[in-house]
Amino acid sequence: MSANASSGEAIADREVVITRTYDVPARLLFEAWSKPEHLMKWFGPVGWPLTLCEVDFRKGGRYRFAMTGSSGVQATPFGGEYLEIVPNRKIVFDNAFEEPGSEKMIMTVTFEEKDGRTTLTWHTLFASAAMKKAYVGGGFVEGVGSGFDQLADVVAGMRGREKS
């Protein structure tokens, strides 16, 4: 079942929303989400860097990622399709692991800029409440938070290069 299919479950039972505010303009955050050279520096939890990062950043384009742990073992690749892209404002994409029976989730990332600061909101709609429970129980929120900490460092560096 896809995340936008009617599962009979309330959306609130299937969603996770994570918000973070950064001291940079939206365009820098958007760039950090759209280019492999930036994604590889921040996407994923500390200790699990992206070691596979294929991005065709356009509506209908696909992406494919894999993370590798400190033991050198690469996790199952995952990816999906970019469903909507509004420059500096919004990215919507689906996401699933590359294994039989994997359910898709829909990710919506928005960038709201005010006075040079940008609030990033990551909204995840899981295919089911059970899928949400499994991901949240497996550290999804903490992993995204860890990645967002790294994103802060990446965009601060991007801003610093702009000023020099």
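Shown above is the structure to which this text applies.
Note that the structure is predicted; figures quoted are calculated from it, not measured.

Visitor: Tell me what's going on with the overall build of the chain, and back it up with residues and numbers.
Guide: Helices and strands together make up the secondary structure of the chain, namely 4 helices and 7 strands. Secondary structure of the chain in N-to-C order comes out as β-α-α-β-β-β-β-β-β-α-α. Its C-alpha atoms give the chain a radius of gyration of 16 Å, within 12% of the compact-globule value 15 Å for 164 residues. Considered along the principal axes of its C-alpha atoms, the chain spans approximately 50 × 40 × 30 Å. Looking at the chain as a whole, 41% of its 164 residues are labelled buried. Counting contacts in the chain only where the partners sit at least 6 residues apart, residues at least 24 apart contribute 49% of the total. Of the accessible surface of the chain, which amounts to about 8300 Å², a share of 53% is contributed by carbon and sulfur atoms. Placing the 19 positive and 21 negative side-chain charges of the chain at their respective mean positions leaves the two points 4 Å apart.

Visitor: Which residues make up the side chain of Ser128, and what values go with them?
Guide: Turning to its location among the elements, Ser128 is positioned in the loop between strand 7 (117-125) and helix 3 (129-137). For Ser128, a relative accessible area of 13% corresponds to the buried category.

Visitor: Please set out the layout of surface pockets residue by residue, giving values where relevant.
Guide: Any empty space left between the atoms is revealed when a probe the size of a water molecule rolls over them. What the largest pocket holds in volume is close to 510 Å³. When residues of the lining of the largest pocket are traced back to their parent elements, those giving at least two are strand 3 (62-67), strand 5 (90-97), strand 6 (105-114) and helix 4 (140-163). Broken down by element, the lining of the largest pocket gets its largest block of residues, 5 residues, from helix 4. Class assignment for the residues of the lining of the largest pocket results in 17 nonpolar, 7 polar and no charged.

Visitor: Summarise the sheet that holds strand 1 (residues 15-22); cite the residues concerned and give the values.
Guide: The 7 strands lie next to each other as 1-7-6-5-4-3-2, forming an open sheet whose pairing is antiparallel. This sheet does not close on itself; its edge strands, each paired only once, are strand 1 and strand 2 (50-55). Each adjacent strand pair in this sheet contributes to an overall mean axis angle of 20°, direction not counted. Pairing of strand 6 with strand 7, which is carried by 9 bridges, proceeds in the antiparallel orientation.

Visitor: Account for the pairing of strand 6, naming residues and giving values.
Guide: Relative to strand 6, strand 5 is paired through 6 bridges, and the arrangement is antiparallel. Residue pairing across strands places Asp94 opposite Ile106, the latter belonging to strand 6. The turn joining strand 6 and strand 7, which pair antiparallel and follow one another in sequence, is formed by 2 residues; a positive phi near 55° is taken by Asp115.

Visitor: So what's going on with the side chain of Ser146? Residues and values would help.
Guide: Mapped onto the elements of the fold, Ser146 is located in helix 4. For Ser146, a relative accessible area of 16% corresponds to the buried category. Apart from residues no more than four positions distant in its own chain, Ser146 is found in contact with Gly44, Pro45 and Val46.

Cut-offs used in this document
Residues numbered from 1 in each chain as written. Predicted model: local features only at pLDDT ≥ 70, side-chain atom pairs only at ≥ 80, totals over all residues. Heavy atoms only, no water. Helix = DSSP H or I, 4+ residues; strand = E, 2+ residues; numbered from the N terminus. Rg over C-alpha atoms; globule rule 2.2 N^0.38 Å. Buried < 20%, exposed > 50% of the residue type's maximum accessible area, 1.4 Å probe, protein only. Contact = heavy atoms within 4.5 Å. Areas by Shrake-Rupley, 256 points an atom, 1.4 Å probe, with all protein chains shown as cover. Lys, Arg positive; Asp, Glu negative; His and termini not counted. Charge placed at Lys NZ, Arg CZ, Asp CG, Glu CD. 1 Å grid on protein atoms, 1.4 Å probe; cavity = no way out; pocket = protein on both sides within 12 Å on 5 of 7 lines; lining within 4 Å. Points joined across faces, edges and corners; volume = space filled by probe spheres on them. Nonpolar A, V, L, I, M, F, W, Y, C, P; charged D, E, K, R; others polar. Pairing = 2+ DSSP bridges. Axes fitted to C-alpha atoms, helices over the stretch in contact; angles between N-to-C directions.

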